[in-house]
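Take a look at the letters that make up each chain.
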Amino acid sequence: MALPLAFTWTEFGQQVTSGLASGAIYASLALALVLIYQTTNVVNFAQGEMATFTTYVAWTMMHHGLSYWPAFVLTLLIAFGGGVTVERVLIRPVEHRPEIVIVILTIGLFIAINGLVGWVFGPEVKAFDSPFPNRSVVLGGVSISVQDIGTFGVCLGTVVALWLFFRLTTLGLAMRAVAFNPDASRLMGVRVGWMLALGWGFAAVLGAIAGMMAAPTVFLDPDMMLVVLIYAFAAAVLGGIDSPVGAVVGGLLIGVVINLLGAYVNFVGQELRLPTALAVLLIVLVIRPSGLFGRVVVRKV
Amino acid sequence: MRRWTTPVLQGLVLAGAALLIAVLPRFTSEFRLGQFTYVGIYFVALLGLNILTGYSGQITLGHAAFMAIGGYTAALLILGRSGFELLGQQASHVLPEHGMRAIFTIPIAGLVTGVIGCLFGIPALRLAGVSLALATLAVAVSLPAIAKRFEHLTGGGGGLSLPLPHAPFGWHLSTPHWLYYEAWVCAGILFVVAWLLVRGRVGRAWRAIRDGEVAAVSSGVSPAVYKTLAFGIAAAYAGVAGALFAIQVSYINPDTFPVTLSLLLLASVVIGGLASLSGVIVGAFVLEFLPIYAQSPPLVHLHFAKQAGPVVFGVTLMLIVLLIPGGAASLLGRVTRPVRAWASR
């Protein structure tokens, strides 16, 4: 059991910053979930496994001598292609079937990819190199590891880049239009099907980034993203499952709060962090299903 | 109008199945018998899952968590406080002083898990579809962590070893035979219960809620009552299955019922066919034997490793969803259509 630390502001600051770093990872994956939910109206349960798979792809490339950043970029391209392919091949045929069918399909994908990763790469845990130097900088008395700063920067940088893409480009506008009203966009000449596929592609890219950022600390193993996925779910639900801003805020909030609870509340400790996130998830779902930033959906009968 | 031939035909099929199950141990090795015992255990779990997901339309990704609750309930009752302390751990005071006979713990495990399932069903009322799937998945992922944390009640990560099971009341049966009959008698009773529930008033209410909640409410069906009931019954079935499982392996730890089992259970129900009791038996066989056959000839010659099982599972699930939405039961229905048409002529 983790002993509660004697309270000092520096220690508190360290807990907050490392919480922000893991929160940025949750935010990326949560944003991936929201991207798909906005366009396809389904939660992709295989999102975490897709991320795990791409992280293994990155590991393989580095294992064969490629240096970190080229492998990183190549992995993102592969993830994008993979995401688009999954939408085209698996999701498109069931687009108009009930929600439960699509959920079951993504669970099938979850099982298959999880098995595939264990089968191709082996079940043993692998180390994954970090691109950031293993040292700390001291900022206002709080020592922050460069690893955490880098993780935070890469994740949030991607989110901002994606936001700019959606705001400033015609393609981004078309994708937002499809999320807002697919029928009207189709009448305006937007290729709705391809926009959905692009959404899956971008979601896979976000997942890949989350995977590669998480891997140095959680290590590579076939189930590495399962816990991250639950945190990302909690983050997306907390922020509102249809709100991109909510996903990012929710992710950071979950990262910090869980880290602080784990450090300072004796009962929670290391082991009960995940059940705490579950409790957050359940409470939000029951009390305010639309989350902090989500649209309140009124069901008409 | 149903002719008398339909119930007679159904009765004959059931009697034939019961006879087959009863005489099977004479024709098979003890190793195979163990596998068929697991089929019976999975059959019980899948019956509950199909009531919840197939009939009442509520998805769950946490069925194995309820199996774990049943398994732990049975294990703790079998050990009692004295048995628990023999394992070298300090036991919680909520445990009874002395252990019970394994067979009596099975219904208790079902009841306890059923009550917990009802309690979980109440917040679940506010959730539907994806949110419910999320909440149940989160339960399944967290349960091992919770089990490890409360060592006084669960033995922590080291798990609980149970005494080797044997036939009670001085019956002359070897242990594998006894476990086989125990599992399948439970399966038989619970199958009849499920059948009676599904074909009667309760089953109609479930299907009405699944197919249109508003219409169901207007017809005087209370979704709250029936949805919670479905959760409770599904959990009770899972509890019995978990207890049987723990007794069968005479060991339980937080990873005995992993998240992947929850997912595979759901996959098996869909492969067998949602809202079909005959599909459940197909699902149970698939769940036990598909991973085994995925690593035996001829597939093993394609260098399939142990992990190939889940891949085959996932791909089969996706293909079924894409190509045969009714699952194996709909194929079965197509094959037996001439016979059924003749019977109901």
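Residues numbered from 1 in each chain as written. Chains lettered and ligands numbered in written order. Predicted model: local features only at pLDDT ≥ 70, side-chain atom pairs only at ≥ 80, totals over all residues. Heavy atoms only, no water.

1. Some words on the pattern of salt bridges
Residue and element names in this part refer to chain A.
Stage number 1. Following the criterion strictly, the structure yields five salt bridges over all chains and no others.
Stage number 2. We note a salt bridge from glutamate 87 to arginine 88, for which the minimum N-O separation is 3.5 Å.
Stage number 3. Judged by relative accessible area, which is 22%, arginine 88 ranks as partly exposed.
Stage number 4. Linking glutamate 95 and arginine 92 is a salt bridge whose minimum nitrogen-to-oxygen distance equals 3.9 Å. (Salt bridge = Lys/Arg side-chain N within 4 Å of Asp/Glu carboxyl O. Buried < 20%, exposed > 50% of the residue type's maximum accessible area, 1.4 Å probe, protein only.)

2. Section: the interface of chain B and chain A
Stage number 1. Facing the 46 residues of chain B at the interface are 42 residues of chain A.
Stage number 2. Together, the buried faces of chain B and chain A total about 3,800 Å²; carbon and sulfur atoms form 85% of this surface.
Stage number 3. Among the residues chain B hides against chain A, the three largest losses belong to Val130(B), Leu134(B) and Arg149(B). Together they make up 17% of the total.
Stage number 4. Linking chain B with chain A are zero salt bridges.
Stage number 5. At the junction of chain B with chain A, the criterion picks out one residue pair in polar contact (both at pLDDT 80 or more).
Stage number 6. Taken together, the elements giving at least two residues each to the side of chain B that touches chain A come down to helix H4 (102–124), helix H5 (129–149), helix H11 (259–272) and helix H13 (308–323) of chain B.
Stage number 7. The element best represented in the side of chain B that touches chain A is H5(B), accounting for 14 residues.
Stage number 8. Considered class by class, the residues forming the side of chain B that touches chain A number 36 nonpolar, eight polar and two charged. (Contact = heavy atoms within 4.5 Å. Buried area = accessible area lost by both parts, 1.4 Å probe. Polar contact = N/O pair within 3.5 Å; in protein donor to acceptor, adjacent residues only side chain to side chain. Helix = DSSP H or I, 4+ residues; strand = E, 2+ residues; numbered from the N terminus. Nonpolar A, V, L, I, M, F, W, Y, C, P; charged D, E, K, R; others polar.)

3. Description of the packing of aromatic side chains
Stage number 1. Inspection of every chain in the model, using the stated rule, returns 25 aromatic pairs over all chains.
Stage number 2. Ring centres of Phe285(B) and Phe289(B) lie 5.8 Å apart, and the angle between their planes is 20°; on these two criteria the pair is classed as stacked. Remark: Phe289(B) and Phe285(B) occur in helix H12 (residues 277–293); sequence separation between them is four residues, near one turn of the helix.
Stage number 3. Residue classification places Phe285(B) among the partly exposed residues on the basis of a relative accessible area of 32%.
Stage number 4. Here a set of aromatic residues connected by ring pairs shows up, and it is made of Tyr68(A), Trp69(A), Phe72(A), Phe128(A) and Phe132(A).
Stage number 5. Stacked on the ring of Trp194(A), the Lys or Arg Arg88(A) has its end atom at 4.3 Å from the ring centre.
Stage number 6. The ring of Trp59(A) carries Lys126(A) above its face, with NZ or CZ at 5.0 Å from the centroid. (Phe/Tyr/Trp six-rings, centres within 6.5 Å; stacked < 30°, edge-to-face > 60°. Lys NZ or Arg CZ within 6 Å of the ring centre and 35° of its normal.)

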